[in-house]
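Descriptive structure summary
What follows is each chain in one-letter form.
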Amino acid sequence: MSRRFTWCALLLLLGLASRGWLLADDARESKEKLRVLIIDGQNNHDWRAMTPFMKKLFEKSGRFTVDVSTNVRKGDKLPEGWMSVPFPPDLEKYDVLVSNYNGASWPDKLNKQLEERLETGKIGLVIIHAANNSFGGWKEYNRMIGMGWRDKNYGDRLLLDESGKAVRIPKGQGDSTGHRDTRPFQVVVRDGDHPVTKGMPREWLHARDELYDNLRGPIENVHVLATAYSKGTKVHEPMIFTVSFGKGRVFHTPMGHSMGGDITALRCVGFITTMLRGTEWAATGKVTLPVPENFPGPDKASSVPTK
Ligand code: ZN
């Protein structure tokens, strides 16, 4: 084989390879549907009511396809008619993982796959409410979620003072995570230029929810998009934030409480819009889904029916 021929062949291969990459990227950024995986099956919240509602919202947006992988406790049965892909799932098949899970450890293989794929930007991660209670002993998970429901000695905490300045409180100081205020509350957008919050009113009324406070963790590469004032802690607590994990994007909201079939918090149009746009952003880094007309205002709540 001549040297020139070898070079030509090499260039041709490189060309094809780069075209392949471009095509893959284009597909993710285009209107082609993004593949969501929801993991649930163990949670101190009503995952049986939450997941089907979330799945329906994702699908109705026209932007996502959804698989659910349900890891029930030994002895627990899947609800009748429940559709689940086998657990542990293969993350290669998905653009974004939405965790609705707060329970026993996942197999090491799944943890490693999530770490690797997130780090290299091949998958996004979305954390809803009690998903941030999970996996206190999984170091990389705590880096991914930025901060979660933990003891005060576990890590630092972040609050916003009256002027809107972020203040970091060292571990050991203050309280452990809790929800010292449960009611409809105003969400205050702190970065209105981020794709997820762009177009939202600066303040909007969220439906009744647990207002998580004192989230604790390593808080590396955390960007706070919105906060809410807790009457329990008398400061603004992070309510919507992102975390960079290597090349990967994590979208995290502690909103979304549910219990005994009551999914009031999830029915809020503000929550729904936040979840859908946050998931799209975690998968692609961009947001095409609009802020809907019926989005809540500063004093005006807005909710959709359960069905
Ligand atoms: Zn809760």
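Reference entry: report on the structure contained in this document. Owing to the predicted nature of the structure, the values given are computational and were not obtained by experimental measurement.

**Considering the overall build of the chain**
What the chain contains, in helices and strands, is six helices and 11 strands. In the chain, buried positions account for 50% of the 307 residues. The contacts in the chain between residues at least 6 apart in sequence include a share of 70% that link residues at least 24 apart.

**Re helix H3 (residues 108-119)**
Since there are 3.6 residues in each turn of an α-helix, residues three or four apart along the chain are aligned in direction. With 12 residues, H3 should cover 16 Å at 1.5 Å per step; its first-to-last C-alpha distance of 16 Å lies within 8% of that length. Its buried side turned inward, H3 meets strand S1 (34-40), strand S3 (96-99), strand S4 (124-128), helix H4 (139-145), strand S10 (236-245) and strand S11 (248-253). In the stretch just after H3, Gly121 is the one whose phi turns positive, near 75°.

**Digging into the nonpolar core**
Grouped burial of nonpolar side chains is what soluble globular proteins tend to show. If you look at the biggest cluster of nonpolar residues, it comprises 45 residues, and the most contacted ones within it are Met54, Phe58, Trp204 and Ile240. Among the elements that take part in this core, helix H6 (residues 269-284) stands out by supplying eight residues, more than any other. Excluding residues that lie within four positions of it along the chain, Ile240 makes contacts with Val187, Trp204, His223, Val224, Leu225, Ala226, Phe251, His252, Thr253, Met255 and Thr274. Membership of the second largest hydrophobic core comes to 30 residues, among which are Tyr101, Leu125, Tyr212 and Val250.

**Section: the packing of aromatic side chains**
Within the structure shown, the criterion is met by 11 aromatic pairs. When the ring of Tyr101 is compared with that of Trp106, the centres are 5.4 Å apart and the planes differ by 55°; the resulting orientation is tilted. The burial state of Tyr101 is the same as that of Trp106; both residues are buried. Ring plane angle 25° and centroid distance 5.9 Å describe the contact between Tyr101 and Phe135, whose orientation is recorded as stacked. One end of the pair, Tyr101, is in the loop between S3 and H3; the other, Phe135, is in the loop between S4 and H4, and 34 residues separate them in sequence. Here Phe135 falls in the buried class, since its relative accessible area comes to 10%.

**With respect to the coordination of the zinc ion**
At this site the zinc ion is bound by His45 (NE2), His129 (NE2), Glu210 (OE) and His257 (ND1), with donor distances of 2.0 to 2.1 Å. Around the zinc ion, the four donor atoms sit at angles spanning 93 to 158°, and that spread fits a shape best called irregular. Along the chain, the residues that donate to the zinc ion are spaced as H-x83-H-x80-E-x46-H. Here the residue His45 occupies a position in the loop between S1 and helix H2 (47-60), and His129 occupies one in the loop between S4 and H4, the gap between them amounting to 84 residues. Overall, the relative accessible area of 1% leaves His129 in the buried class.

Rules used throughout
Every chain is numbered on its own, with residues counted from 1 as its sequence reads. With the structure being a predicted model, the display of local features is reserved for residues of pLDDT at least 70 and the display and counting of side-chain atom pairs for 80 or more, all residues being used for whole-chain, interface and lining totals. Based on all heavy atoms of the structure, the side-chain values leave hydrogens and waters out of the count. Strands here are runs of E lasting at least two residues and helices are runs of H or I lasting at least four, both read from the DSSP assignment and numbered beginning at the N terminus. The buried label applies to any residue whose accessible area, calculated with a 1.4 Å probe on protein chains only, is under 20% of its type's maximum; exposed applies above 50%, and partly exposed to all values in between. Pairs of residues are marked as contacts when any of their non-hydrogen atoms sit within 4.5 Å. Under the convention used throughout, the expected extent of a helix is 1.5 Å for every residue step, that is, one less than its residue count. For the purposes of this section, nonpolar cores are sets of buried Ala, Val, Leu, Ile, Met, Phe, Trp, Tyr and Cys residues that join through side-chain atoms within 4.5 Å. Between the rings of Phe, Tyr and Trp (Trp by its six-membered ring), a pair exists once the centres lie within 6.5 Å; its type follows the angle of the planes, with under 30 degrees stacked, over 60 edge-to-face, and the other angles tilted. Donor atoms: N, O and S within 2.8 Å of the metal, or within 3.2 Å for Na, K and Ca. Because water is excluded, sites can look incomplete. Labels for metal geometry use angle windows, namely 85 to 135 degrees for all angles of a four-donor tetrahedral site, and for square planar (four donors) or octahedral (six donors) sites opposite donors over 155 degrees apart plus all others within 65 to 115; sites meeting none of these are irregular.

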